[in-house]
Every structure is written in C-alpha cells, then in structure tokens.
Amino acid sequence: MSASAPARADGRVTAARCPPGRPRRGRSLAGATLLLIGTLLLPLSLAAVWARAELTDTDRYVAAVAPLAGNPAVQDAIVDDVTNGVMPHVRLDGLLKVVPRAERPALRRKFTRGIREFIDKQVRQVVTGRSFPEVWTGVHRTAHRTLDGTLTASGDAPVTLDLSPVIERVRYQLSGNGLGIDIVRRVPHTGTSIVLLKSPDVPRFRAAFQAARIGALLLPPTAGLCLLAGLLLIRRRRRALICTAIGGAVACALLSAALALLRTRLLAALPPTVSRPAADAYTDALTASLRSGVWTAIGAAALTVGLALTGPLAARLRRSSMPGRRPGPVPRWVTSRGLRGARRRAKRRFGDDGPNR
C-alpha cells in the first residue's frame, strides 16, 4: 500500500486527490495566448483584406467611387482642374491687335476673366450632365488598371487620373457656343491629368501593396485557427469567449480610431492645390467598406457577449420555474444529528430539568 494513500476505518484505501498538475495549467496558458493572438490579428485581417480588394479589384473600386460623380465638392474640383488646364491654351493676341498698347493689359485681364467664367460654365454643364457618370467611371477604371499595372511591374512611373474624356466633352460643348473666339482649336486633345501617386512614392506603395496582398491571404485563416484552438484548449470556455469577444470589439474600435487619425494626417499633408472637400469625399468612399466591416465585427462581438451572458441566466430561470424542482439541501438543525446537538447544549445551560427548574 502506498504511504501517500490514506486508509479508512473499514480498511479500505481511498485514492488521494491529486492537485492540478502543470500540463493542465500549461494548456490553459497556451489557450489564453492563442486567444490573445487571434484577437490582435482580427483588425489586421480586416485592414489587409480591404486593402487587397481595393487595390486589385477594379470593379469594386469603380463601384466605390461611382457615387462621387454627383458629389458637389468633387464636381467643383473637376471644374477647377479642367478650367485650369484649358486656360493656358487660350490666346487673346489676335483680339488685342486693334486695341491701343496702353489699354491692352486691362482689357486682357477683363477678357481673361470673362473667358474663364465662360469656360467654367461650359465645363460645369458637362460635369453635371446626364452622361458624365459614364465618363467618370471610365476615367477611374482606366486609372485603376494603370495603378494595378504599376504595382505589379518594376517601374516607377507616376499614376495619374487622366481627364481627357472630360476635355473631349468640353471641346464638344464649346464647339456649339456660337462665339467667334477660337477656343475649340486651342483646347488640347490630351487634356489634363491629376497625379495620384508620384514617382518617388511608387516603391514604398508597392512594398505596402505586397504586404497587404500576403497579409490578406495569411492573416484571416491564422486568426480563425488561433481563436478556435484557444477556445478548445482553455478550461472555462464561456468566460474565455466573453473576454475574447470584448477584446475583439476593443481591437476593432482601436482600428477605427487609427483610421480616423491617419485620415486626418493624410488630408493635412495634401498640397494647397488639392481640394480638401473633394479629398475628404474620396477618403470616405474608399474606406466605407472597411468601416462597415469594423462595425460589423463590433456588432458580432456584442451579440456574442449577450448570448453568452443570457444563456446561463435563462437556464437558471427555467429550473426555478419548474413545478417538480428538486428541493435544496436540508438545513443541519433539522436533521437528527442537529437535534441531538441542540439537546446537549440545552442540558449544559439549564440542567436536566430544562428551563422550568
């Protein structure tokens, strides 16, 4: 007989209770570690999947920016960019030959202001017309394909938004204005362009794109496996599920705050020539799917916490409302042993005759 096994009065040997060993403790620690890793990888997975989808899926990108064709801030920015691209090609020397030389500067400023207002009006009619959304989507589809080709290639050519289709619509609009000013012939066929990505920024952006593409493939399954393995290894699964859901919601909230901070810094770093309201609208359109994913994850986490908390409470309420509910333990003073103890205490206090002596 082992010396560590205690013997009962009837000669039987009872097995000693073994304290929780290190394997069980190590298993719980490994499960908690995996749950923590999965929780931290959740917001990174959302960001990586969003970045890969926006940079590689042209149809998704076009669908995201298509509503911007009717945005007033974006329309104003396009009108300004196109008008600024057309005005340098307008020449007034032929009109000012018959004007005395001393009066030419003032008259040139007056004509320039009038022609600019006229071109601005014509461009605005094009931008606000019914056919402009089709032109807008075509321009962005071409720009996104150029960006995709630049990121997958090895060169460092800048990525631009070519507004030539808009210029062609403006040329057509100006051709029917009925004025004698030779504007249509001088409007360039190549149009104007907006630089989206400068040449020095292309290598860094390409590296970020490669990291996002690899992360979108590896991070989501890794996060899912870590969460599943952690829940299987840890002992108190309900409590671990609640803590994991709360941690995931907090991590997604931190991602949302980081996006807001990054957006503020990027908008503050824009050059003065870029319209701030238009850039703000672009940012909102491009990050709408990511923000929706973040709030969806937070809602799913809150639902998980609610279900995990209401499950035990509902079970307790059901058990307490059952008519054949098993009675609880009988108090000790009701049992015969408790009665004998109470009788002995009364004899010691009052004697054999009881309290009437």
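For the structure, check the block above.
Residues numbered from 1 in each chain as written. Predicted model: local features only at pLDDT ≥ 70, side-chain atom pairs only at ≥ 80, totals over all residues. Heavy atoms only, no water.

Details of the overall build of the protein
Of regular secondary structure, the protein possesses 11 helices and two strands. When the helices and strands of the protein are listed from N to C terminus, the series reads α-α-α-α-α-β-α-β-α-α-α-α-α. Restricting the contact set of the protein to residue pairs at least 6 apart, pairs at least 24 apart contribute 78%. In the form shown here, the protein has an accessible surface area of approximately 23600 Å², with 60% of it arising from carbon and sulfur atoms. (Helix = DSSP H or I, 4+ residues; strand = E, 2+ residues; numbered from the N terminus. Contact = heavy atoms within 4.5 Å. Areas by Shrake-Rupley, 256 points an atom, 1.4 Å probe, with all protein chains shown as cover.)

As for helix α8 (residues 237-268)
With 32 residues, α8 extends 46 Å between its outermost C-alpha atoms, agreeing within 8% with the 46 Å of an ideal straight helix rising 1.5 Å per residue. Every buried residue belonging to α8 is among A240, I242, T244, A245, G248, A249, A251, C252, L255 and L267, and all of these are buried. (Expected span 1.5 Å × (residues − 1). Buried < 20%, exposed > 50% of the residue type's maximum accessible area, 1.4 Å probe, protein only.)

Some remarks on the nonpolar core
Ranked by internal contacts, the top residues of the largest apolar core, which has 31 residues, are V82 and W136. Elements with a minimum of two residues in this core: α2 (58-65), α3 (72-86), α4 (104-127), α5 (132-152), α6 (164-175) and α9 (276-286). Counting residues per element, this core draws most heavily on α3, which supplies six residues. If you look at the next biggest cluster of nonpolar residues, it comprises 12 residues, including A249, L255, V305 and A308. (Core = buried A, V, L, I, M, F, W, Y, C linked by side-chain atoms within 4.5 Å.)

Structural notes on the environment of L68
By secondary structure assignment, the location of L68 is in the loop between α2 and α3. A residue is classified by how much of its surface remains accessible, and L68, at 6% relative accessible area, is buried. A sequence separation of 214 residues divides L68 from Y282, and the C-alpha atoms of the two residues are 7.5 Å apart.

Here we look at the pattern of salt bridges
For the coordinates displayed, the defined rule picks out six salt bridges. The partner of D76 in a salt bridge is R124, and the shortest N-O contact between them spans 2.8 Å. Residue D76 is located in helix α3, and its partner R124 is located in helix α4; the two are separated by 48 residues in the primary sequence. A relative accessible area of 34% means that D76 is categorised as partly exposed. (Salt bridge = Lys/Arg side-chain N within 4 Å of Asp/Glu carboxyl O.)

Some details on a nonpolar patch on the surface
The grouping of I214, L217 and L218 at the surface amounts to a nonpolar patch, some 310 Å² of accessible area in total. Relative to the helices and strands, I214 resides in helix α7 (residues 202-233). I214 gets classed as partly exposed once you look at its relative accessible area, which sits at 49%. (Patch = residues over 30% accessible without salt bridge, like charges linked within 9 Å, V, L, I, M, F, W, Y side chains within 5 Å.)

Concerning the pairing of strand β1 (residues 159-162)
Only one face of β1 is covered, namely the face carrying V159 and L161; the face carrying T160 and D162 is uncovered. The pairing of β1 with strand β2 (residues 193-197) spans four bridges and is antiparallel. Looking across to β2, one finds that V159 is bridged to L197. (Pairing = 2+ DSSP bridges.)

Section: a positive patch on the surface
There is a patch of like positive charges on the surface, built from R24, R27, R235, R236, R237 and R239. Among the secondary structure elements, those contributing two or more residues to the positive patch are α1 (22-56) and α8. Tracing the chain through its elements places R236 in the loop between α7 and α8. (Lys, Arg positive; Asp, Glu negative; His and termini not counted. Charge placed at Lys NZ, Arg CZ, Asp CG, Glu CD.)

Side note on the environment of A308
Its location among the elements puts A308 in helix α10 (residues 288-321). Considered as a pair, A308 and I242 are 66 residues apart in the sequence and their alpha carbons are 6.7 Å apart. Excluding anything up to four places from it in sequence, A308 contacts R238 and I242.

Some remarks on the side chain of T287
Tracing the sequence through the fold places T287 in the loop between α9 and α10. Relative accessible area serves as the criterion here: at 15%, T287 is assigned to the buried category. Separated by 2.7 Å, the side chain of T287 and the backbone oxygen of T283 make a polar contact. (Polar contact = N/O pair within 3.5 Å; in protein donor to acceptor, adjacent residues only side chain to side chain.)

Considering the packing of aromatic side chains
Applying the stated criterion to the full structure yields two aromatic pairs. On the numbers, 5.9 Å between centres and 45° between planes, the contact of F132 with W136 is tilted. Placement of both F132 and W136 in helix α5 is noted, with a separation of four residues, approximately one turn of the helix. By relative accessible area, F132 is classed as buried at 3%. (Phe/Tyr/Trp six-rings, centres within 6.5 Å; stacked < 30°, edge-to-face > 60°.)

Description of α5
With 21 residues, α5 extends 30 Å between its outermost C-alpha atoms, agreeing within 8% with the 30 Å of an ideal straight helix rising 1.5 Å per residue. Buried residues of α5: F132, V135, W136, V139, H140, A143, H144, L147, T150 and L151, and no others. Looking straight down α5, one finds that the buried residues subtend no more than 165° of arc, so they occupy a single side. Turned more than 90 degrees away from the buried face of α5, the exposed residues are E134, R145 and T152. (Arc of directions from axis to C-beta.)

Focus: the packing of α7 against α8
Running from N to C, α7 and α8 cross one another at 150°; their axes reach a closest spacing of 9 Å. Relative to α8, the element α7 lies roughly antiparallel. For the pair α7 and α8, the sense of crossing is right-handed. For the pair formed by α7 and α8, the contact residues are L227, L231 and L232 on the first element and R237, A240, L241 and T244 on the second. Looking at the contact of α7 with α8, its residues break down into five nonpolar, one polar and one charged. (Axes fitted to C-alpha atoms, helices over the stretch in contact; angles between N-to-C directions. Parallel < 35°, antiparallel > 145°, perpendicular 65-115°, else oblique. Left-handed = near helix turned anticlockwise from the far one by under 90°. Nonpolar A, V, L, I, M, F, W, Y, C, P; charged D, E, K, R; others polar.)

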